[in-house]
Amino acid sequence: MQFTKKDILDMESLSVDEINLILDTADRMKEISTRPIKKVPTLRGKTVVLFFYEPSTRTRISFDIAAKRLSADSLSISASTSSIVKGETLADTAKNLEAMNPDIIVLRHSSAGTSHLLAGLVKSSVINAGDGMHAHPTQALLDMMTVREKRGKIAGLHIAIIGDISHSRVARSNIIGFTKMGAEVVIAGPPTMIPKGIETLGASVSYNVDDAICDADVIMMLRIQKERQKSFLFPTEREYSKVYGLTKERVKNARSDVLIMHPGPVNRGVEIAYEVVDGPYSIILDQVTNGVAVRMALLYLVSGGARNASAD
Amino acid sequence: MLVLIKGGRVIDPGNLDGIMDILIKDGKISEIKEHGSKLKAQSSKLKVIDASGKIVTPGLIDMHVHLREPGHEYKETIESGCLSAAYGGFTAICPMPNTNPVNDNGQITEYILKKAGIADTVRVYPVAAISKGLNGKSLCEYGELKEAGAIALSDDGYPVRDSQLMRRAMEYAKGFSMPIISHCEDLNLAANGVVNEGAVATSMGLAGIPNAAESIMVMRDIALCELTESRLHIAHVSTKESVQAIRNAKKRGVKVTAETAPHYFTLTEDAIKGYNTNTKMNPPLRSSQDREAIWEGLADGTIDIIATDHAPHSYIEKEVEFDQAANGIIGLETSVSLSLKLVHDGVISLTGLIEKMSTNPARIIGIENGIKIGYSADITIIDPDLSYKIDSGKFQSLSRNTPFNGWDMKGKAVLTMVGGKIIFEEMVSANRKP
C-alpha cells in the first residue's frame, strides 16, 4: 500500500488501512532507536520545521529526535522567539516559511483548525502536533501503537478515557482513532467536562469512573488543568481526585491485566495517584518511547517514503 | 423629469397588488394606474422602464448594517456601504453605532448623515448608542441624537448587561418614540464560545455558545419591555427558544418586534466544518431545528423583518485562526436572493417577503415608505426568476467576507430607485425600451 496523504491533520481523515500502515511502519522504526548508532539516512536533505505556538516538551522533543534519527534537518521555532511577538499573523509567517522551502512543517497551536489553515496555505506537508481542543493525531497514533504492542490488537478492546474531555484534543483523537480500529470507547468525568454531542464521535458516556473502568482493558487518564476551577468546572482538586481520580483502590477493582495510560504531563495526586503512575500497570513511559517511532513513521510516510526511500 | 415604470407586478402589502403602471414626477409618485390604461401626464421626455415579468415594490430597507466609518474605512465607508445597499436592492439602511468613535452623540450622527448626503445614493437612518461608548454604564443623550437624525438606539455588538440601565433606557427612549434594538447575549454564559454549542463544535474542538445565552436575554428584555410598556426590537434572532419567547410575548400584547438575518434561515452550524472564518458570526449559526424555528417564525409573523447584519471585515481579520477571527459577514448584496429562496421554497409568500424587507422596517423606524401617490419614489424592482451565480469579486462593498460566494441563485434586485433617481440598474436588455 502506498501512503498518499500530504498532511496529517486529524484522525477523521485517516483510513483504517492508513492507520495500519502508520502503525506497522512505526513498529519497524522503533528498532532504530535501540541501535548504538541511532541514525539512518532516509530523510537526508529534507527540512523539518517544528513550529510551536504553544508550550510543549514531550511532543517537540519527540518530533525533533524523530527527524534527527532519520537524518532530516530539523529546526524549532516557538511563538516567543519568532516574529509572532511582533504581530505577524500565522498566514504571513507560514508564507515566509514556505518561501524557504521546508519539506514538512509540524504545527502546535492553541487554536482549533490552525493546521487546516496552514495546510491550505503552504505546499509543504503539515503535521498537526495539537491544535487547540480539536485534534492531536500523533498522540492518538502513539497510544494506539502502544496498546497494539501490549495486546496484539486494538479491535474488541474496551478503552476508558477519564477526565476533562471538553478541553482535550487527545480524547477527541483517541475516541475517533480507537473506534475506527474496532475498539469500544467509554468516556467518564464530571458532566461539566463532557461536551455536548461527544457520542457522535463514537464514545459512550458515563459520569461514574468506577462503572467506566470496571471492565476496561485500557484506562487513559487526562490531565486536569488547575485553572479550570476558575470557570467552575470542578470545585477543588481534593474533590476531583476523590471522585474522578485514579486511586490505588480504583485500580484494585480494575481488570488484573489493565493498562494505564496518560498523555502527560501528569499531575501526580490529582487525576492519578503517585503509586499508580509508577505502578505495574502503567505504560506511560512506553507511550513516550513509541512517540518517537510513530513520528519517525509519519515523517517518513508524508515524505513519500513508501515510494522513493527506504527505512532500512 | 418623468419616469414610467410599466407593466410590473406592483406589490405594496396592504395597499396594492396587481399589474400596474407607475408614473414618477419630480421624484414623487404622481400616478398609479392599471397597466395599459391612459395616464394623464404625457411628455416626450418620458423615460420608460419596462418591468413586465418583474416585481415592483416599495424600496427595501435594511434595518441592521455596519458601515465602518468613522474608524475602519478600510473595511467599508459610508459611500461603499451605501452603494453596496443600492446594488442589493435597498433604498434605505440603518447603520449601527459601533464605529470608532461610537455614534453616541449628535456630532457623530450628523457626520454620518453628512457623508451619506455626499454619497447621495440610498437613504441612511443612523442607529445611535444606548449607552455612552457602548460601555453599559450611562445613558446617551437621546434628545440630541434624535434631533441630529438618529431613529433608534442600540448597543449592538454588546448586550446591555445592567438590567436597571436597560429599564431606564427603554423608559427614556419612550419619550422620544425611539425603539430600543437589543443585542441579546448573556456574556458570562457565552463565555469564550465561538460557534454553536453541540456535536459540530465538539468534534471541531471549538468552544460552544448555548442557545440559552441568547434566549435568557430575549426573555429579560421582553420582561423589561412589558414593565416599561416601551418598544423593543430584538436583533438577529437565531434560536428556537427566542422565537418561542417572542411569539408568546406578542400573544400577550407586548410591543416587541424581531429580526433575523439571511444566514440564520439559510445555513446551519454544518457550514463551519472546514473552519471557514466566513461562517463565524455572533450569534453563531445554529442547528437545523433552530433554522426550522426561524422559518416558522418568519411564516407566522413572529419575526417581523429580515435584516442582514452586514458586517464588513477584511482579510486581516478573517484569514486568521478561527477562534481569533472577527465575527460577522457582509449581506447587503446577497440578501434579496437568499430571501427569495424562502419564497421559492414556499416558506413565506412574496408579499410576506416585501413586508419583512420594506413595510415592517419602515413601520418600526417610523418612516413613510410605500407605493402611494405623493410619496417619494423609493422603489425596488426585483426579477424573481433571474438565475445567476454570486460573485463576491464584483461586490460594491469593500469587503469580501461572505460564505455565499459561488452560490447559484434564482432571483435578485435589478433596479433601485431613490427619490425618483435610479441608483442601480441591471435590467436584462430584452426588457429595455429601445
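Note that the coordinates shown come from a computational prediction; the quantities given were computed from them, not determined experimentally.

The subject of this paragraph is the pairing of strand 15 (residues 256–260) of chain B. Residue and element names in this part refer to chain B. Counting buried residues in strand 15 gives five out of five residues, a clear majority hidden from the surface. Side-chain alternation along strand 15 places Val256, Ala258 and Thr260 on one buried face and Thr257 and Glu259 on a second face that is also buried. As paired strands, strand 14 (residues 232–234) and strand 15 are joined by three bridges and run parallel to one another. Bridged to Ile234 within strand 15 is Ala258.

This next bit is on unusual backbone geometry. Residues apart from glycine generally show negative phi values, whereas peptide bonds are mostly found in trans. Note that the residue after Glu69(B), namely Pro70(B), is joined by a cis bond; omega there is 0°. Its location among the elements puts Pro70(B) in the loop between strand 6 (60–65) and helix 1 (78–87). With an omega dihedral of 0°, the bond running from Asn282(B) to Pro283(B) counts as a cis peptide bond. Structurally, Pro283(B) is set in the loop between helix 9 (262–266) and helix 10 (288–300). Unlike most non-glycine residues, Ser71(A) shows phi in positive territory, near 70°. Locating Ser71(A) in the fold gives a position in the loop between helix 2 (58–69) and strand 2 (73–78). Assessed through its relative accessible area of 14%, Ser71(A) is described here as buried. One non-glycine residue, Ser177(B), lies in the positive phi region at around 50°. Along the chain, the position of Ser177(B) falls in the loop between helix 4 (163–174) and strand 11 (180–182).

All names here are of chain B. Packing of helix 8 (residues 240–252) against helix 10 brings their axes to within 8 Å, and their N-to-C directions diverge by 25°. As summarised for this structure, helix 8 and helix 10 are arranged roughly parallel, according to the angle between their axes. Note on element contacts: helix 10 touches helix 8 through Gln289, Asp290, Ala293, Ile294, Glu296, Gly297 and Asp300, opposite Lys240, Glu241, Val243 and Arg247. Of the residues assigned to the contact of helix 8 with helix 10, the class counts are three nonpolar, two polar and six charged.

Residues and elements named next belong to chain A. Counting buried residues along strand 5 (residues 158–162), four of its five residues qualify, which places the element largely inside the surrounding structure. Where strand 5 and strand 6 (residues 184–188) come together, five bridges link them in parallel fashion. Within strand 6, the position partnered with Ile162 by the bridge is Ala188. Remark: the strand 5/helix 6 (residues 169–180)/strand 6 crossover connection has right-handed handedness. Strand direction decides the pairing type here: strand 5 and strand 8 (residues 218–221), joined by four bridges, are parallel. By the bridge assignment, Ile162 is partnered in strand 8 with Met221.

Residues and elements named next belong to chain B. Per the domain assignment, the segments making up chain B are domain 1 (2–56 + 373–425) and domain 2 (59–365). Between the C-alpha centres of domain 1 and domain 2 there is a distance of 26 Å. Each side of the interface is counted separately: domain 1 has 39 residues, and domain 2 has 47 residues. One can count two salt bridges joining domain 1 with domain 2.

The rules behind these values
Residues numbered from 1 in each chain as written. Chains lettered and ligands numbered in written order. Predicted model: local features only at pLDDT ≥ 70, side-chain atom pairs only at ≥ 80, totals over all residues. Heavy atoms only, no water. Buried < 20%, exposed > 50% of the residue type's maximum accessible area, 1.4 Å probe, protein only. Helix = DSSP H or I, 4+ residues; strand = E, 2+ residues; numbered from the N terminus. Pairing = 2+ DSSP bridges. Axes fitted to C-alpha atoms, helices over the stretch in contact; angles between N-to-C directions. Parallel < 35°, antiparallel > 145°, perpendicular 65-115°, else oblique. Contact = heavy atoms within 4.5 Å. Nonpolar A, V, L, I, M, F, W, Y, C, P; charged D, E, K, R; others polar. Right-handed = clockwise from strand over helix to strand, strands pointing away. Domains from an automatic or database assignment. Salt bridge = Lys/Arg side-chain N within 4 Å of Asp/Glu carboxyl O.

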